[in-house]
Amino acid sequence: MNGREKILGVEGGGTKTAWVLVERTGTGGADSGSQLRILDQGGLPSSNFRLETPDRLRAIFGELPSEIDRAGIFLAGCGNAEDRQSLSRLCAEIWPNARIVTGSDRESGLAAALGHGDGIVVSAGSGSSVTGRRGDKIENAGGWGHILGDTGGGYFLSIQALRLLLREYDLHRGEMQFAAKVLHALSLNNLDEVVRWAQTADKMEIAMLAPVVFEAAASGDARMTEIIENGARVLSEYTEAVASRLHLLAPKVMLLGGLFHRDSIYTHAFRRRLKKNLPDARVASAERSPELGAAWLAAELNDHVIFQSKLPESEIDTLAAALTEQRNPRSENLEELSPRALVELFVEEEKSVQDALQGAIADLARAIEIVTDSLRNGGRLFYVGAGSSGRIGVLDASEIPPTFGAPTDLVQAVIAGGVTALYRSVEGAEDEEGGGALALDERGVKGIDIVIGITASGRTPFVLGALARSKSIGAKAILLTCNPSGSPRVTIDLAINLAVGPEVLTGSTRLKAGTATKVALNIISTGAMVALGKVRGNLMIDLNASNSKLRDRAIRLVAQLSGSDYDSARQQLEANDWNLRAVVDKIDR
């Protein structure tokens, strides 16, 4: 057996696909002292075997490491021998030279938490399940999916809380502090908007409200505490049932999943419930992740796993050297400044934004030309970013239809983590190059399109992955960064460097970097729209007069161009169903 093998472990569910690439060192075998060393790891979109099509699974697997010797692919929904065979055949297309083992995510969870030992694994993330083993016998409870089951998972807790919220409103019109927390978490304004959001939200988006439920319970909300206790009670009952069927009197019970790791309140609730009816149970948190369990199964080892940071020192050093990560010597005493002195410092620092834009004039002009050429030939413009950069892209893209009467798909924004990332951080979403590539595939990006990757540091994997994918399909690619640092890590058509310097608050690129990025996108998109004929002089002749303010603007615009009074201009617009462009074209004739 090869002394050094690369082994891929994959655990896929209804909300994400977690993967890890490890290297086996040693001669192999359980008694040889072999070890697994982590080389890389990450996350991709969901890969539930029952819910995703084979083509979708191929696309996801295609973004995983390809040069491997072994793979363990364990997916939710892969429950029987026929499923395993189908998954094995699909994996063989992706990794034809690798030895592959397939199965259910329950198996990778058991391996991660128990190795080859006996015991029970209680998993509570967005969903939930309980799986036990004694020798060759396996017993399961729960895990029926979010529609019929998953009691005790994040989706269940969130749905119960939302239902309670609406029931209390319908019955009592009472004020609930939880309502304010939900509105704040979702950046919504009223319960009607919450209902509309829930009708289109997916499982993961709803499950991500679970931290709000735990926060409310920790603040003393008795009704949220009751929901949490109910979830813990059901998981405890499932655990007791599995222990009984396996005749385990003092089982080892391992807790797995984000709810147990992040929220100790849930761990305590579960322990307390379980101890009442299964007092000799030994409860602990699993140290290994399910994807590592998948790799372990593929390696057929029972050895210690050496953990290593995903970012090697060279990458960490690169990030630390980024201009946007440097300390600004002028703000090192920020907490000692008076409000006025702080404002003066901020205003003075903004001069570097204008200097940066001034230095990028030629590149911004070239960007307008590239974007205009693409749009004129039937292409679309895509902004791709993460965090603050992604939100700025979303902002600019959303303003194009009302400002210029453009189709909603002409300028689109792709943000790591999806819509949830607009109002709160989505952990790890920006760290996966494959995620950026898959996002462009999902949007159907073609060779005639143009992609602008926005990353203040110039190194965000999600963005770089999207740019690499755009070039692979023949689309134009532009990198917009605030960290000039030599040659870009991917092939692009144009790099726009906005050297704004260190931030007043170290590393907070929503400040000067964000301002410069916003202005740059304003220039590029507006310049392209001007070139496409959507402006007369400095007037927006294609604006969508969708509200009273915009209708007033349209009336004044028609009055200026036609030399008529306000009322006459209004009549012209009303006669043309408020189609401003139609009225302007008649004036031009």
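Refer to the structure above for everything that follows.
Residues numbered from 1 in each chain as written. Predicted model: local features only at pLDDT ≥ 70, side-chain atom pairs only at ≥ 80, totals over all residues. Heavy atoms only, no water.

### Things to note about a nonpolar patch on the surface
Line of reasoning, step 1. A cluster of nonpolar residues, Trp-144, Ile-147 and Leu-148, forms a patch on the protein surface that exposes about 480 Å² of accessible area.
Line of reasoning, step 2. Relative to the helices and strands, Leu-148 resides in the loop between strand E8 (137–142) and helix H4 (154–172). (Patch = residues over 30% accessible without salt bridge, like charges linked within 9 Å, V, L, I, M, F, W, Y side chains within 5 Å. Areas by Shrake-Rupley, 256 points an atom, 1.4 Å probe, with all protein chains shown as cover. Salt bridge = Lys/Arg side-chain N within 4 Å of Asp/Glu carboxyl O. Helix = DSSP H or I, 4+ residues; strand = E, 2+ residues; numbered from the N terminus.)

### Observations concerning the sheet that holds strand E15 (residues 476–481)
Line of reasoning, step 1. Strand order in the open sheet formed by five strands is E13-E12-E14-E15-E16, with parallel pairing between adjacent strands. If you trace the sheet from one side to the other, it starts and ends with strand E13 (411–415) and strand E16 (494–497), each paired once. The average angle at which neighbouring strand axes cross in this sheet is 20 degrees, direction not considered.
Line of reasoning, step 2. Here E15 pairs with E16 via four bridges, running parallel. Across the sheet, the residue bridging to Leu-480 is Ile-496, located in E16.
Line of reasoning, step 3. Each of strand E12 (381–385), strand E14 (450–454), E15 and E16 is contacted by helix H16 (residues 361–376), which is oriented at about 140 degrees to E16, the strand it contacts most. (Pairing = 2+ DSSP bridges. Axes fitted to C-alpha atoms, helices over the stretch in contact; angles between N-to-C directions. Contact = heavy atoms within 4.5 Å.)

### Side note on the pattern of salt bridges
Line of reasoning, step 1. As enumerated under the stated definition, the model contains 32 salt bridges in all.
Line of reasoning, step 2. Among the salt bridges present, the one from Glu-5 reaches Arg-24, with a minimum N-O distance of 2.9 Å. Here Arg-24 lies in strand E2 (residues 17–25) and Glu-5 lies in strand E1 (residues 4–12), a separation of 19 residues in the sequence. There is no split in this pair, since Glu-5 and Arg-24 are both buried.
Line of reasoning, step 3. Salt-bridge contacts for Arg-581 lead to Asp-542; the nearest nitrogen and oxygen are separated by 2.6 Å. In this pair, Arg-581 is assigned in helix H23 (residues 580–588) and Asp-542 in the loop between strand E18 (539–540) and helix H21 (548–562), connecting sequence segments 39 residues apart.
Line of reasoning, step 4. Its relative accessible area of 26% is what places Arg-581 among the partly exposed residues.
Line of reasoning, step 5. Among the charged side chains, a network of salt bridges with common partners joins Lys-534, Asp-542, Arg-581 and Asp-585. (Buried < 20%, exposed > 50% of the residue type's maximum accessible area, 1.4 Å probe, protein only.)

### Quick look at the side chain of Thr-17
Line of reasoning, step 1. Mapped onto the fold, Thr-17 is located in strand E2.
Line of reasoning, step 2. Reaching out from Thr-17, the side chain makes a polar contact with the side chain of Ser-47 at a distance of 2.6 Å. (Polar contact = N/O pair within 3.5 Å; in protein donor to acceptor, adjacent residues only side chain to side chain.)

### Focus: the packing of aromatic side chains
Line of reasoning, step 1. Within this structure, the stated rule accounts for four aromatic pairs.
Line of reasoning, step 2. Look at Phe-260 and Tyr-266: their rings are 5.5 Å apart centre to centre, the planes differ by 25 degrees, and that puts the pair in the stacked class.
Line of reasoning, step 3. Take Phe-260: its relative accessible area is 3%, and that puts it in the buried class.
Line of reasoning, step 4. Joined through ring pairs, the aromatic side chains of Phe-214, Phe-260, Tyr-266 and Phe-270 make up one cluster. (Phe/Tyr/Trp six-rings, centres within 6.5 Å; stacked < 30°, edge-to-face > 60°.)

### Quick word on the packing of H21 against helix H22 (residues 566–575)
Line of reasoning, step 1. Where H21 contacts H22, the axes come no closer than 8 Å and their chain directions differ by 110 degrees. Put simply, H21 runs roughly perpendicular to H22. For the pair H21 and H22, contact is made by Asp-552, Ala-554, Ile-555, Arg-556, Val-558, Ala-559 and Ser-562 and by Tyr-566, Ala-569, Arg-570, Gln-572 and Leu-573, respectively. (Parallel < 35°, antiparallel > 145°, perpendicular 65-115°, else oblique.)

### Remarks on the environment of Ser-46
Line of reasoning, step 1. For Ser-46, the location among the structural elements is in the loop between strand E3 (35–44) and helix H1 (54–61).
Line of reasoning, step 2. With near-sequence residues (within four places) excluded, Ser-46 lies in contact with Gly-13, Gly-14, Thr-15, Lys-16, Thr-17, Glu-52 and Ile-60.

### Observations regarding the pairing of E1
Line of reasoning, step 1. Of all the nine residues making up E1, seven are buried; the element is thus mostly covered by neighbouring parts of the structure.
Line of reasoning, step 2. Examined bridge by bridge, E1 and E2 share nine bridges and lie antiparallel to one another. If you follow Arg-4 over to E2, its bridge partner there is Thr-25.
Line of reasoning, step 3. Between E1 and the antiparallel strand that follows it, E2, lie four residues.
Line of reasoning, step 4. Two elements, E1 and strand E4 (residues 70–75), share six bridges in a ladder whose sense is parallel.

### A word on the sheet that holds E8
Line of reasoning, step 1. If you trace the five strands from one edge of the open sheet to the other, you get E8-E7-E6-E9-E10, paired in mixed fashion. Both edges of this open sheet fall to E8 and strand E10 (282–285), since each of them pairs with a single strand only. Put simply, the sheet's adjacent strands are angled 20 degrees from each other on average, direction ignored.
Line of reasoning, step 2. For strand E6 (residues 119–124) and strand E9 (residues 252–256), the ladder comprises four bridges, and the chain directions are parallel.

### Thoughts on the side chain of Asp-83
Line of reasoning, step 1. Within the element layout of this structure, Asp-83 appears in helix H2 (residues 81–94).
Line of reasoning, step 2. Apart from the residues within four sequence positions on either side, Asp-83 is in contact with Phe-49, Arg-50, Gly-77 and Cys-78.

### A short note on the environment of Glu-287
Line of reasoning, step 1. Tracing the backbone shows Glu-287 in the loop between E10 and helix H12 (290–299).
Line of reasoning, step 2. A C-alpha to C-alpha distance of 52 Å links Glu-287 and Gly-378, two positions 91 residues apart in sequence.

### Digging into the nonpolar core
Line of reasoning, step 1. Within the largest apolar cluster, 53 residues are counted, with the highest numbers of intra-cluster contacts made by Val-122, Phe-178, Met-224, Val-253, Tyr-266 and Phe-270.
Line of reasoning, step 2. Judged by nonpolar contacts, the second largest core, of 38 residues, contains Leu-381, Phe-404, Ile-478 and Ala-513. (Core = buried A, V, L, I, M, F, W, Y, C linked by side-chain atoms within 4.5 Å.)

### Here's the deal with the packing of helix H9 (residues 222–246) against helix H11 (residues 264–277)
Line of reasoning, step 1. Following both chains from N to C, one finds H9 and H11 inclined at 45 degrees, their axes separated by 8 Å at the closest point. When the axis of H9 is compared with that of H11, the two are oblique. At the point where H9 passes H11, the crossing takes the right-handed sense. Facing Ile-228, Glu-229, Gly-231, Ala-232, Arg-233, Leu-235, Ser-236, Thr-239 and Glu-240 of H9, the residues of H11 in contact are Ile-265, Tyr-266, Ala-269, Phe-270, Arg-272, Arg-273, Leu-274 and Asn-277.
Line of reasoning, step 2. Here the contact of H9 with H11 is built from residues that sort into eight nonpolar, four polar and five charged. (Left-handed = near helix turned anticlockwise from the far one by under 90°. Nonpolar A, V, L, I, M, F, W, Y, C, P; charged D, E, K, R; others polar.)

Coordinates in, geometry out; function isn't part of it.
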